[in-house]
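Residue-level structural notes
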Amino acid sequence: MAITLLQQADTVPRGGAPLIDRYGRHITYLRVSVTDRCDFRCTYCMAEDMQFLPKRDILSFEEIDTIVAAFVARGVKKVRLTGGEPLVRRDIMALVDTIGAHLGAGLDELTLTTNGSQLRRFAGHLAQAGIKRLNVSLDTLDPQRFADITRRGRMADVLAGIEAADAAGLKIKINMVAMRGVNEDEIEPMIRWAHGRGYGLTLIEGMPLGEVGIDRVDTYLPLKQLREDLRRRFTLEPTDHRTGGPARYDRVAETGGLIGFITPMSHNFCESCNRVRLTATGQLYLCLGQEDMVDLRVALREGGAEALDAALDRAMAIKPKGHDFVLDRTHAGPALQRHMNVTGG
Ligand code: SAM
Ligand code: SF4
């Protein structure tokens with residue numbers, strides 16, 4: 001009995017002080033970009049000739065797990081793996097298994113955001129590792145449009161991946177970046193398609209992150225207005241459903257499904273922010289739309305576990321109040337040079 005207790009004490013993270021920033025927000029959600037690389041080049045996310053980070057700078061799985069464990073010990077309950085495309089990192093299932101081992105030992109939820117291209121291969125393993133739900137990005141149901149938006153992707157692979165995930169018992173939410181003149185005519189079909197299969201749907205406003213070689217002002221579609229338009233065709237019942245994220249959800253009476261709206265541009269949701277984001281090279285960004293960060297890789301490599309823990313306290317002291325994305329109609333460039341695949345969407 002004594003041995004069992006001792007073993008438990010070793011494996012269960014020691015509780016440190018909760019992570020509370022200077023505005024009183026509890027940080028309980030860590031997003032981890034496991035790679036900045038991707039097999040797609042979505043027009044709103046990356047430039048065609050995207051330069052990726054040198055492989056030698058990327059955190060090892062062991063380092064990622066040490067950082068995740070430090071966060072879990074300080075009260076983080078939810079971890080999302082993202083990227084880039086998380087499922088293209090070599091041996092990614094080993095990391096999923098390692099982080100999955102924190103479930104029930106401080107961590108409540110492990111989840112993933114994916115473009116779905118590799119999902120057919122990995123869905124079963126993800127479910128076995130304790131993942132219960134996934135976000136899959138899908139901006140269109142038209143194969144040609146899909147090829148145009150992703151520049152590289154095949155829609156059939158993604159649809160097969162979604163089906164495999166569904167069959168493995170994973171709950172699916174579709175993420176769709178709503179773009180004027182690109183896919184706004186597909187929002188209603190997407191609602192019917194997703195809800196008809198029992199999937200949630202979240203619409204996202206395009207954000208000005210990183211130079212991508214296209215003008216995002218032209219395609220910007222304010223979701224507040226879109227929601228008003230949808231109300232003419234559907235009965236939208238506001239819900240208090242929350243997934244710990246910035247999305248606000250309505251139930252669509254006609255389909256019974258949920259539709260979420262992520263509106264960073266037209267509505268600032270920062271006052272309830274509960275998250276921080278780790279890049280593949282170990283920088284902890286404290287806001288998607290600001291430059292403030294602490295370098296956890298340096299802390300860990302130079303000072304070990306203690307320095308890492310101290311860096312988390314430094315992070316809480318500098319987490320900014322919020323982003324200040326504004327859509328500048330006279331200047332179509334990005335608000336921030338950092339691309340979404342680096343910070344982790
Ligand atoms: N590759 C995975 C995927 O596409 O789901 C995970 C990473 S991706 C950066 C995460 C999410 O960010 C996707 O749903 C994508 O559509 C969204 N995204 C990328 N760039 C964006 C931008 N500039 N504005 C809004 N959403 C963006
Ligand atoms: Fe890749 Fe996701 Fe960015 Fe598309 S949105 S290029 S799939 S990281």
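Because the structure is predicted, anything quoted here is derived from the model rather than measured. (Residues numbered from 1 in each chain as written. Chains lettered and ligands numbered in written order. Predicted model: local features only at pLDDT ≥ 70, side-chain atom pairs only at ≥ 80, totals over all residues. Heavy atoms only, no water.)

What follows is about the site of ligand 2. Lining the immediate environment of ligand 2, one finds C38, F40, R41, C42, C45, M46, G84 and N115. For the shell around ligand 2, the residue count by class is five nonpolar, two polar and one charged. (Near = heavy atom within 4 Å. Nonpolar A, V, L, I, M, F, W, Y, C, P; charged D, E, K, R; others polar.)

A word on the nonpolar core. If you look at the biggest cluster of nonpolar residues, it comprises 94 residues, and the most contacted ones within it are L30, F71, V79, L126, I174, L284 and L296. A per-element tally of this core places helix α10 (residues 296-318) first, with eight residues. Apart from residues no more than four positions distant in its own chain, L284 is found in contact with L30, F71, V276, R277, L278, D292, M293, V294, L296 and A315. (Core = buried A, V, L, I, M, F, W, Y, C linked by side-chain atoms within 4.5 Å. Buried < 20%, exposed > 50% of the residue type's maximum accessible area, 1.4 Å probe, protein only. Helix = DSSP H or I, 4+ residues; strand = E, 2+ residues; numbered from the N terminus. Contact = heavy atoms within 4.5 Å.)

Close to ligand 1 lie 19 residues; Y44, G84, E85, S137 and M207 are nearest. Within the backbone of G84, one N or O atom sits 3.0 Å away from a nitrogen atom of ligand 1. Between ligand 1 and M207, the relevant distance is 2.7 Å, taken from a nitrogen atom to a main-chain nitrogen or oxygen of the residue. Notes on ligand 1: free accessible area 540 Å², of which the protein chains cover 95%. Those elements that provide at least two residues to the shell around ligand 1 are β3 (109-114), β5 (171-178) and β6 (200-205). Of the residues contributing to the shell around ligand 1, the split by class is six nonpolar, ten polar and three charged. (Polar contact = N/O pair within 3.5 Å; in protein donor to acceptor, adjacent residues only side chain to side chain. Areas by Shrake-Rupley, 256 points an atom, 1.4 Å probe, with all protein chains shown as cover.)

What follows concerns the packing of aromatic side chains. For any two aromatic rings, the description comes down to two numbers: the centre-to-centre distance and the angle of the planes. For the structure on display, the rule yields two aromatic pairs. With a centroid separation of 5.8 Å and 90° between ring planes, the pair formed by F40 and F146 is classed as edge-to-face. Of this pair, F40 sits in the loop between β1 (29-33) and α2 (61-73) while F146 sits in helix α5 (residues 143-150), and the two are 106 residues apart along the sequence. For the ring pair W193 and Y199, a centre distance of 5.8 Å and an interplane angle of 70° mean the geometry is edge-to-face. (Phe/Tyr/Trp six-rings, centres within 6.5 Å; stacked < 30°, edge-to-face > 60°.)

In total, this model carries 15 salt bridges according to the counting rule given. Between R151 and E48 there is a salt bridge, with the nearest N and O atoms lying 3.6 Å from each other. Taken together, the positions of R151 in the loop between α5 and α6 (155-167) and E48 in the loop between β1 and α2 put the pair 103 residues apart, joining distant regions of the chain. For R151, a relative accessible area of 25% translates into the label partly exposed. In this structure, R145 engages E186 in a salt bridge whose closest nitrogen and oxygen atoms are separated by 2.7 Å. With R145 in helix α5 and E186 in the loop between β5 and α7 (187-196), the pair connects residues that are 41 residues apart, well separated along the chain. The exposure class of R145 is partly exposed, given its relative accessible area of 24%. The exposure class assigned to E186 is buried, which follows from its relative accessible area of 8%. Members of the salt-bridge network, linked through shared partners, are E48, R151 and R152. (Salt bridge = Lys/Arg side-chain N within 4 Å of Asp/Glu carboxyl O.)

A word on the sheet that holds strand β11 (residues 283-285). Judged by pairing direction, the sheet is mixed, and its twelve strands sit side by side in the order β7-β8-β9-β6-β5-β4-β3-β2-β1-β10-β11-β12 without closing on themselves. The open sheet terminates on both sides in strands that have one partner only, identified here as β7 (236-238) and β12 (293-295). Averaged over neighbouring strand pairs, the angle between their axes works out to 25° when direction is ignored. Its contacts with the sheet put α7 on β5, β6, β8 (248-252) and β9 (258-262), and the angle it makes with β6 is roughly 150°. Contacts between α10 and the sheet are confined to β10 (275-278), β11 and β12, with β12 contributing the most and set at about 165° to the helix. (Pairing = 2+ DSSP bridges. Axes fitted to C-alpha atoms, helices over the stretch in contact; angles between N-to-C directions.)

Bringing the environment of L138 into the picture now. Secondary-structure assignment places L138 in the loop between β4 (133-137) and α5. Residues L138 and V158, spaced 20 residues apart in sequence, show a C-alpha to C-alpha distance of 8.2 Å. When sequence neighbours within four positions are dropped, the list of residues in contact with L138 reads F146, M155, V158, L159, I162, I174, N175, M176, M190 and W193.

Once that is clear, we can look at the side chain of R41. Structurally, R41 can be placed in the loop between β1 and α2. For the buried R41, no salt bridge exists, and the shortest N-O distance to an oppositely charged side chain is 5.7 Å, to E48. A polar side-chain atom of R41 sits 2.8 Å from the main-chain carbonyl oxygen of C38. If we skip the residues at most four places from it in the chain, R41 touches M46, A47, E48, M50, F52, I149, T150, R151 and R152. (Lys, Arg positive; Asp, Glu negative; His and termini not counted.)

Turning our eyes to something else, we now look at the pairing of strand β2 (residues 78-82). Here is the key point about a regular strand: its side chains alternate between the two faces of the sheet. The buried fraction of β2 amounts to five of the five residues, a majority that puts the element mostly inside the structure. The side-chain alternation of β2 yields two buried faces, one formed by K78, R80 and T82 and the other by V79 and L81. Of the crossover connections in this fold, the one passing from β1 over α2 to the parallel β2 is right-handed. By the bridge criterion, four bridges tie β2 to β3 in an arrangement that is parallel. Paired with R80 across the two strands is T111, which belongs to β3. Traced from β2 through helix α3 (residues 92-100) to β3, the parallel crossover comes out right-handed. (Right-handed = clockwise from strand over helix to strand, strands pointing away.)

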